[in-house]
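# Architecture at a glance
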Amino acid sequence: LVLSLAWLGPALGGEDKDEEVVEEEEKEKKEDEVLSDEIKEEDNVLVLHEHNFARALSENQLLLVEFYAPWCGHCKQLAPAFAQAATELRNESSPARLGKVDATAQTTLATEFGITSYPTLKLFRDGNRTHPLAYTGRMDSQGIVRWMQRRAGPSATLLQDTDTAAAFVNSQDLVVIGFFKDLRGETAQAFFEVAAEMVDMTFGVAEAAELFQAYGLSADTVCLFKKFDERQTNFPVDPARGLDMAELTRLLRIHSLQLVMEFTNETSNQIFGAKIPHHMLLFLNKSSSEQLSLRDGFRAAAGGFRGEVLFVVVDVTGHGADVLPFFGMTAADAPTLRLVKMENNRKYQMEQDNFSDSAIRTFIQAVLDGKVKPHLLSAEPPEDWDTRPVKVLVGKTFEQVAFDETKNVFVKFYAPWCPHCEAMAAAWEELAERYKDREDIVIAEMDSTANELENITIHGYPTLHYFPAGPGRKMVEYKSSRDVETFSKFLENGGTLPEEPPSVSEVREPPVPSG
């Protein structure tokens, strides 16, 4: 669930190496055996190590290598899909092969290719060892196969005449055609690169004069054809600047989406993959015809914000039910509107919901202009929040505790579902027990999935921040080992460890509400 919902807070990425795990591996690691350059296979995946890696590169035109750790949960989850993709590519006699490296055992290779988290996938082309390409596709078998197919063959279909072009345009709900006067020129080559990367879209290419004429074009242009919303959207290539691949990718992502999306399991990747900076959400109960009619005003407001704000309908009785707690809502709150700023996950709501298109447009513009304060979630403080060794903070009590000028406050920001948070829970309790009689030290925790702060954004769990006593609203991020002795040393040393300069920042004071 959380993986698919960027509205919910920090995303889960690859698993970083824990210091404790690395030390354990080092202790347990036996002397490397002397290995030949023979290449063995497991489920059609090449098993690679430092002695056969060069041979694998020389024998395979396209080799996608997964660098993994045996203990990594994400790697275990990927393994069946990776093997299935390897088998599919093998069965279709593709020049693309898949390989894997145990990066905890093959440390020389891990160091050479800068592996810092697992799993990491890199593509090696034509035996080139020095410039592998980072894998950017989906982490499932179909995603891997399509990503490799695009790199193995032509990434765009050559369209020779109006009949083949028309058939191509009608073949799918959405296709992209690049019209170029010279298919060997830099502009066309950049287009082919974009096509190779965007494996979830179908690309064609044309240079025949009759095709330029048929589609009303006179110069190099990329066209997006859709069976919904606008039927043809043109992106002319700037003759001076050429084709900007990043900009074209962004425009295609934005315009390939429906003007108003419905949040489902199938669309969530599209919604978050488009990287549109704001999402406007209409929460409604689809079983209510009265609430369904609110989509008309919502849609009418959407056109003027394309690319800046993505409009999404969320059914509170369907796929959207799972996200409600992250907005502090229940199904009974529908219909209602929320705007989310994706950069920092800040949520905004109207003082009173108004579903007319003009009210929605006015509200969005006010948020974009910085005239609306974010709506911050806060749980209610437990009755015994300050009687236990670990003080339980919530959004509405955080300010008075963390910035008490007479206290040094050490806070753990956590998520209830986070295994790393669970792993350090006992150490945090023990630390609090050790300092419970110290008037000047407070050990606290806050569930960041239920509480939000205006000027502090939590990007991962657990995050530890130390707020020293005195004026100035200082905040020090703790980045060292998560054990009681190191925590204690950090506290006794005034919020720093001798071997590490502290990461100190200043937290702005929330503005005093007017009125």
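Residue numbering note: each chain is counted from 1, following its sequence as written. Given that this is a predicted model, residues contribute local features only at a pLDDT of at least 70 and side-chain atom pairs are listed and counted only at 80 or more, while totals for whole chains, interfaces and linings are drawn from all residues. Heavy atoms from the whole structure form the basis of all side-chain values; hydrogens and water molecules are not counted.

## Observations concerning the overall build of the chain
Numbering goes from the N terminus for both helices and strands, where a helix is a DSSP run of H or I of at least four residues and a strand is a run of E of at least two. Check the secondary structure of the chain and you find 16 helices and 24 strands. Every one of the 515 residues in the chain was classed for burial, and the buried ones make up 47%. Carbon and sulfur atoms make up 48% of the accessible area of the chain, which amounts to about 25700 Å² in all. In this tally, Asp and Glu contribute negative charge and Lys and Arg positive charge; neither His nor the terminal groups of the chain are included. Positions of charges follow a simple convention, taking NZ of Lys, CZ of Arg, CG of Asp or CD of Glu. Across the chain, the 51 positively charged side chains and the 82 negatively charged ones have centroids separated by 3 Å. Only protein chains enter the accessibility calculation, which uses a 1.4 Å probe; a residue whose area is less than 20% of its type maximum is buried, one above 50% is exposed, and one in between is partly exposed. For every accessible area listed, the method is Shrake-Rupley and the probe measures 1.4 Å; residues are considered covered only by the protein chains on display.

## Section: the pattern of salt bridges
Any Lys or Arg side-chain nitrogen found within 4 Å of a carboxyl oxygen on Asp or Glu counts as a salt bridge. Going through the model one piece at a time under the given rule, you end up with 30 salt bridges. Linking R138 and D140 is a salt bridge whose minimum nitrogen-to-oxygen distance equals 2.8 Å. Overall, the relative accessible area of 35% leaves R138 in the partly exposed class. In this structure, E445 engages K412 in a salt bridge whose closest nitrogen and oxygen atoms are separated by 3.4 Å. Residue E445 is found in strand β21 (residues 441-447), and its partner K412 is found in strand β20 (residues 408-414); the two are separated by 33 residues along the sequence. A relative accessible area of 15% places E445 in the buried class. K412 sits in the buried class, given a relative accessible area of 5%. Each of K226, D229, E230, R299 and R306 takes part in a single network of salt bridges with overlapping partners.

## Looking at unusual backbone geometry
Here Y118 and P119 are connected by a cis peptide whose omega angle stands at -10 degrees. Inspection of the secondary structure puts P119 in the loop between β6 (117-118) and β7 (120-125). Residue P462 follows Y461 across a cis peptide bond; omega there is -15 degrees. Examined against the element boundaries, P462 turns out to sit in the loop between β21 and β22 (463-467). Non-glycine residue N44 carries a positive phi angle of around 70 degrees.

## Some points on the nonpolar core
Buried residues of nine kinds, namely Ala, Val, Leu, Ile, Met, Phe, Trp, Tyr and Cys, make up a nonpolar core once their side-chain atoms join them within 4.5 Å. Ranked by internal contacts, the top residues of the largest apolar core, which has 24 residues, are L393, F398, V411, F413, I456 and F467. Elements with a minimum of two residues in this core: β19 (391-393), α14 (395-402), β20 and β21. With four residues, β20 is the largest single contributor of residues to this core. What F467 contacts, discounting residues up to four positions off in sequence, is F398, A402, F403, K407, N408, V409, V411, F413, I456, K474 and M475. Within the second largest apolar cluster, 23 residues are counted, among which are F192, M198, V237 and L252. Contacts are assigned to residue pairs with any non-hydrogen atoms lying within 4.5 Å of each other.

## Observations concerning the environment of T87
Position of T87 among the secondary structure elements: in helix α3 (residues 73-91). Between the C-alpha atoms of T87 and V145, which are 58 residues apart in sequence, the distance is 9.7 Å. Non-local contacts of T87, meaning those with residues more than four positions away in its chain, are made with D43 and N44.

## Focus on the environment of D244
When you line up the elements, D244 lands in the loop between β13 (232-236) and α9 (245-256). When the C-alpha positions of D244 and V476 are compared, they lie 40 Å apart, and in sequence the two are 232 residues distant. Reaching out from D244, the side chain makes a polar contact with the backbone nitrogen of A246 at a distance of 3.1 Å. Contacts described as polar in this section are N or O atom pairs within 3.5 Å, which, within protein, must combine one atom able to donate a hydrogen with one able to accept it, while residues neighboring in sequence count only if both atoms come from side chains. Reaching out from D244, the side chain makes a polar contact with the backbone nitrogen of E247 at a distance of 3.0 Å.

## With respect to helix α15 (residues 419-435)
How far a helix is expected to stretch is found by multiplying one less than its residue total by 1.5 Å. Here α15 spans 25 Å end to end across 17 residues, near enough to the 24 Å set by a 1.5 Å rise per residue. Largest kink in α15: about 40 degrees, centred on A425. C421, M424, A427, W428, L431, A432 and Y435 are the residues of α15 that are buried. The secondary structure elements touched by the buried residues of α15 are β20, β21, β22 and α16 (484-492). The term bend refers to the angle at a residue between two fitted axes, each drawn through seven residues, those ending there and those starting there.

## Section: the sheet that holds strand β11 (residues 202-206)
Taken together, the five strands give an open sheet; going across it, the order is β9-β11-β10-β12-β13, and neighbouring strands pair in mixed fashion. Looking at which strands have only one partner, the edges of the open sheet turn out to be β9 (157-158) and β13. For two strands to be treated as a pair, DSSP must find no fewer than two bridges joining them. Alignment of strand β10 (residues 174-179) against strand β12 (residues 221-226), held across six bridges, turns out to be antiparallel. The residue bridging V175 from the neighbouring strand is F225, located in β12. Every angle, taken between N-to-C directions, lies between 0 and 180 degrees, and every axis is a line fitted to C-alpha atoms, over only the stretch in contact when it is a helix. Across the sheet, α9 touches β10, β11, β12 and β13, and the angle it forms with β12 is around 20 degrees.

## Some details on the packing of helix α5 (residues 141-152) against helix α7 (residues 186-197)
A pair of packed helices is captured by two measures, namely the crossing angle of their axes and the spacing between those axes. Direction vectors running N to C along α5 and α7 enclose 155 degrees, while the axes themselves pass 8 Å from each other. Judged by the inter-axis angle, α5 sits roughly antiparallel to α7. Between α5, through W147, R150 and R151, and α7, the contact on the second element is made entirely by A195, A196 and E197. Partitioned by chemical class, the residues of the contact of α5 with α7 number three nonpolar, no polar and three charged. With respect to orientation, any angle under 35 degrees is reported as roughly parallel, any angle over 145 as roughly antiparallel, any angle of 65 to 115 as roughly perpendicular, and every other angle as oblique. Basically, the charged four are Asp, Glu, Lys and Arg, the nonpolar ten are Ala, Val, Leu, Ile, Met, Phe, Trp, Tyr, Cys and Pro, and anything else, Gly included, counts as polar.

## Thoughts on the packing of aromatic side chains
Two rings from Phe, Tyr or Trp (for Trp, the six-membered ring) form a pair when their centres are within 6.5 Å of each other. A pair whose planes differ by under 30 degrees is stacked, one over 60 is edge-to-face, and the rest are tilted. Enumeration over the complete set of coordinates arrives at 29 aromatic pairs. Residues F179 and F212 carry aromatic rings whose centres are separated by 5.9 Å and whose planes lie at 75 degrees to one another, so their mutual orientation is edge-to-face. Of this pair, F179 sits in strand β10 while F212 sits in helix α8 (residues 209-214), and the two are 33 residues apart along the sequence. The same class applies to F179 and to F212, which are both buried. On the basis of an interplanar angle of 80 degrees and a centroid distance of 5.5 Å, the ring pair of F398 and F467 is categorised as edge-to-face. Pair noted here: F398 is in helix α14 and F467 is in strand β22, with a separation of 69 residues, a long-range link.

## As for the domain arrangement of the chain
Each assigned domain of the chain is listed with its residue range as follows: domain 1 (40-150), domain 2 (157-256), domain 3 (260-369) and domain 4 (391-493). Placing a centre on the C-alpha atoms of domain 2 and another on those of domain 3 gives a separation of 31 Å. The interface of domain 2 with domain 3 comprises seven residues on the first partner and six residues on the second. Overall, the association of domain 2 and domain 3 removes approximately 560 Å² of surface from exposure, summing both partners, and the carbon and sulfur fraction of that is 44%. Per-residue buried area on domain 2 facing domain 3 is highest for D229, R253 and I254; these three make up 69% of the total on that side. Our count for the contact surface shared by domain 2 and domain 3 stands at three salt bridges. Here D229 makes a salt bridge to R299, at a shortest N to O gap of 2.8 Å. Our count for the domain 2 to domain 3 interface comes out at three residue pairs in polar contact (both at pLDDT 80 or more). Classifying every residue of the side of domain 2 that touches domain 3 by side-chain character gives one nonpolar, one polar and five charged. For the domain bounds, the source is a domain assignment made automatically or taken from a database. Defined in terms of a 1.4 Å probe, buried area is the accessible area two parts forfeit on being brought together, summed over both.

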